[in-house]
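Listed below are the residues making up each chain.
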Amino acid sequence: MPNFPDVDVLLARLIDALKPHITDSTALVGIHTGGAWLAERLHRALGIKPPLGTIDVAFYRDDYGERSLHPQLRRSDIPFDMQDTPIILVDDVLFTGRTTRAALNELFDYGRPARVDLAVLVDRGERELPITARFCAHTLSAPLGKGQRLQLEQSDDATLSLRLIDV
Amino acid sequence: MYNPQLNSHGELQHLLSLDGLPREILTAILDTAAPFTEVAEREVKKLPILRGKSIFNLFFENSTRTRTTFEIAAKRLSADVINLNISTSSTNKGETLLDTVDNLCAMQADMFVVRHASSGAPYLMAEHLRATGRDDIHVINAGDGRHAHPTQGLLDMYTIRHYKQDFTGLAVAIVGDVLHSRVARSQIAALTTLGVPEVRVIGPKTLMPTGLDKMGVRVFHDMREGLKDVDVVMMLRLQNERMAGPLLPSGQEFFKVWGLTAEKLALARPDAIVMHPGPMNRGVEIDSAVADGAQAVILPQVTFGIAVRMAVMSMLGRG
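For clarity, every value in this text was computed on a predicted model and none was experimentally measured. (Residues numbered from 1 in each chain as written. Chains lettered and ligands numbered in written order. Predicted model: local features only at pLDDT ≥ 70, side-chain atom pairs only at ≥ 80, totals over all residues. Heavy atoms only, no water.)

Asker: Explanation requested: the overall build of chain B in the structure shown.
Answerer: For chain B, the count of helices and strands is 11 helices and nine strands. For chain B, whose C-alpha radius of gyration is 19 Å, the value lies close to the compact-globule estimate of 20 Å for 319 residues. Taken along the three principal axes of its C-alpha coordinates, chain B extends 55 × 45 × 40 Å. A buried classification covers 56% of the 319 residues belonging to chain B. Within chain B, contacts between residues at least 6 apart in sequence are counted, and of these 77% link residues at least 24 apart. By element, 52% of the accessible surface of chain B is carried by carbon and sulfur atoms, the whole surface being about 13,100 Å². Taken together, the 33 basic and 34 acidic charged side chains of chain B have centroids lying 2 Å from each other. (Helix = DSSP H or I, 4+ residues; strand = E, 2+ residues; numbered from the N terminus. Rg over C-alpha atoms; globule rule 2.2 N^0.38 Å. Buried < 20%, exposed > 50% of the residue type's maximum accessible area, 1.4 Å probe, protein only. Contact = heavy atoms within 4.5 Å. Areas by Shrake-Rupley, 256 points an atom, 1.4 Å probe, with all protein chains shown as cover. Lys, Arg positive; Asp, Glu negative; His and termini not counted. Charge placed at Lys NZ, Arg CZ, Asp CG, Glu CD.)

Here's what the structure looks like:
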């Protein structure tokens, strides 16, 4: 198992990368669940003006039928006007790109954003769609392979950590 | 035991009745409905879940509201919806129910939403689909005779959970024409399955079916006694069109004894909610002051009904 850098270090790196690009109208949207935890922290650290948005892309996934709906379906919540707003979409791990594709579809159902950038903590490669992250704190040098899921976890005391799971 | 509503993995195959569905399935439907309520607030009120699926609304009995909410639910899931008003179609020319089903299957139907005056018609359809090996086609009962109206029962449960959070400490009263009410049967089945400790049924003896005591409810023939300290009051519509013979005096007389007025509602808990499946007969089973009052949640019921029907359709239609 590869050694992952500390999440706090990666988060600080992401904040530094994002800082020069934030304007008064920039809004953050976190993808449930890991992306939403990150977006919450970025929102605070970057002093983002519009309230934080979160989305659950389960309904927009191209493999929706094969996945079980349960247990964790979250309400999508976009508490600002999407129309003409620059959006930074936040996810924990960028992998095949299918979640990002689903998230883009969902965002556009709320209106036409001015632009959408993607910010992720880790890019693990192995893309299946033409998608790339503009802001990325860490890129894996070797592929993990399909049998491994890399995901963000939050402990009871709100500490974030990356975990590799066999699927 | 074979349950026509569940597939071999214990997942929902058809929604025919709430009677016989385990608590986990009922809770799963309510949980699935919750995120769907938010779709109505979007600019594009659509999710791509049932894109490319064809849903046939088969209404052998008129019901504008139920048909419309099913249609909205299906369209918000991006399905193609075909409404068949059977009273003006081939059944009048002599086609049987199962021939109609076979013909629509030949048109690549994925799901049927059926309303029928005969109790059991949706079961007959589901059984026919199973016997002919078409397990990929699903049936939703939108009301059959006096038997069941499961999506109404589910939206009522969603409404109660929305306002009361938990089922396990509640006293719930169902009031009115229980005898003719498929809604009441679905409500009683769902309330008891979800663990409501006290389900009361209130109404005149002539409008009570036999065997109610076996359904785990308490029967009251005095409305004031029955409403005492309840958390939820579920009014039923007086089914005028089903009323054959002298079961009842006039509408005004019914209202005097069984109509829900502010004065009677005051006997319930102060935070009690008032529900009605619609369409309401104002001045017959419910007073306008109550129907439009602060405790009424009748219009939210309609809104939740769309999310609940989306949940059922999405659970049936995936894969």
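Asker: What should I look at first to understand the packing of aromatic side chains in this one?
Answerer: Think of a pair of aromatic rings as described by two things: how far the centres are apart, and how the planes are tilted against each other in angle. For the coordinates displayed, the defined rule picks out three aromatic pairs over all chains. On the basis of an interplanar angle of 20° and a centroid distance of 4.6 Å, the ring pair of Phe59(A) and Phe36(B) is categorised as stacked. One end of the pair, Phe59(A), is in the loop between β2 (53–55) and β3 (86–94); the other, Phe36(B), is in helix α1 (residues 23–36), on a second chain. Look at Phe36(B) and you get buried, because its relative accessible area is 2%. Centroid distance Phe56(B) to Phe112(B): 6.2 Å. Interplanar angle 50°. Geometry classified as tilted. In this pair, Phe56(B) is assigned in strand β1 (residues 54–59) and Phe112(B) in strand β3 (residues 111–116), connecting sequence segments 56 residues apart. Each member of the pair, Phe56(B) together with Phe112(B), is buried. (Phe/Tyr/Trp six-rings, centres within 6.5 Å; stacked < 30°, edge-to-face > 60°.)

Asker: Would you explain the pattern of salt bridges in this entry?
Answerer: Oppositely charged side chains can form a pair if their charged atoms are brought close together. Summed over the entire model, instances satisfying the criterion amount to 26 salt bridges over all chains. Here Arg75(A) and Glu41(B) are joined by a salt bridge, their closest N and O atoms 3.8 Å apart. A residue pair is termed interchain when its members come from two chains, as with Arg75(A) in the loop between β2 and β3 and Glu41(B) in the loop between α1 and β1. Between Asp117(A) and Arg134(A) there is a salt bridge whose closest N-O contact spans 3.0 Å. (Salt bridge = Lys/Arg side-chain N within 4 Å of Asp/Glu carboxyl O.)

Asker: Would you mind going over helix α1 (residues 7–18) of chain A with me for this structure?
Answerer: Residues separated by three or four positions in an α-helix point in the same direction, a consequence of the helix having 3.6 residues per turn. Residues and elements named next belong to chain A. Over its 12 residues, α1 extends 16 Å from the first C-alpha to the last, a length consistent with the 16 Å expected when each residue adds 1.5 Å. Buried within α1 are the following residues: Val7, Leu10, Leu11, Leu14, Ile15 and Leu18. For α1, the buried positions fall inside an angular range of 140° around the axis, keeping them on one side. Where α1 is buried, its residues touch α2 (34–46), β3, β4 (115–123), β5 (135–139), β6 (148–154) and β7 (160–166). The N-terminus of α1 is capped by Asp6, whose side-chain oxygen sits 3.2 Å from the backbone nitrogen of Asp8. (Expected span 1.5 Å × (residues − 1). Arc of directions from axis to C-beta. Polar contact = N/O pair within 3.5 Å; in protein donor to acceptor, adjacent residues only side chain to side chain.)

Asker: Would you mind showing me how to read the interface of chain A and chain B here?
Answerer: One frequent convention defines the size of an interface as the accessible area lost when the parts assemble. Taken residue by residue, the interface counts 18 residues in chain A and 20 residues in chain B. Contact between chain A and chain B buries roughly 1,500 Å² in total, counting both sides, with carbon and sulfur atoms accounting for 58%. Our enumeration of links across chain A and chain B arrives at two salt bridges. For the pair chain A and chain B, the number of links is seven residue pairs in polar contact (both at pLDDT 80 or more). Broken down by class, the residue content of the side of chain A that touches chain B amounts to seven nonpolar, six polar and five charged. (Buried area = accessible area lost by both parts, 1.4 Å probe. Nonpolar A, V, L, I, M, F, W, Y, C, P; charged D, E, K, R; others polar.)

Asker: Where do I start with the environment of Leu129(A) in this structure?
Answerer: All names here are of chain A. Locating Leu129 in the fold gives a position in the loop between β4 and β5. Judged by its relative accessible area of 27%, Leu129 is partly exposed. In the structure, Leu129 is positioned 32 residues away from Gly97 in sequence and 5.6 Å away in space, judged by C-alpha atoms.

Asker: Would you mind showing me how to read the packing of α1(B) against helix α11 (residues 298–317) of chain B here?
Answerer: Geometry of a packed helix pair, given as the angle between the helix axes and the separation of the axes. Residues and elements named next belong to chain B. Interhelical geometry of α1 versus α11 gives an angle of 115° and a closest axis separation of 8 Å. Every pair of crossing elements has a handedness; the one defined by α1 and α11 is right-handed. For the pair α1 and α11, contact is made by Ala28, Ile29, Thr32, Ala33 and Phe36 and by Ala307, Val308, Met310, Ala311, Val312, Ser314 and Met315, respectively. Its residues assigned to classes, the contact of α1 with α11 comprises 10 nonpolar, two polar and no charged. (Axes fitted to C-alpha atoms, helices over the stretch in contact; angles between N-to-C directions. Left-handed = near helix turned anticlockwise from the far one by under 90°.)

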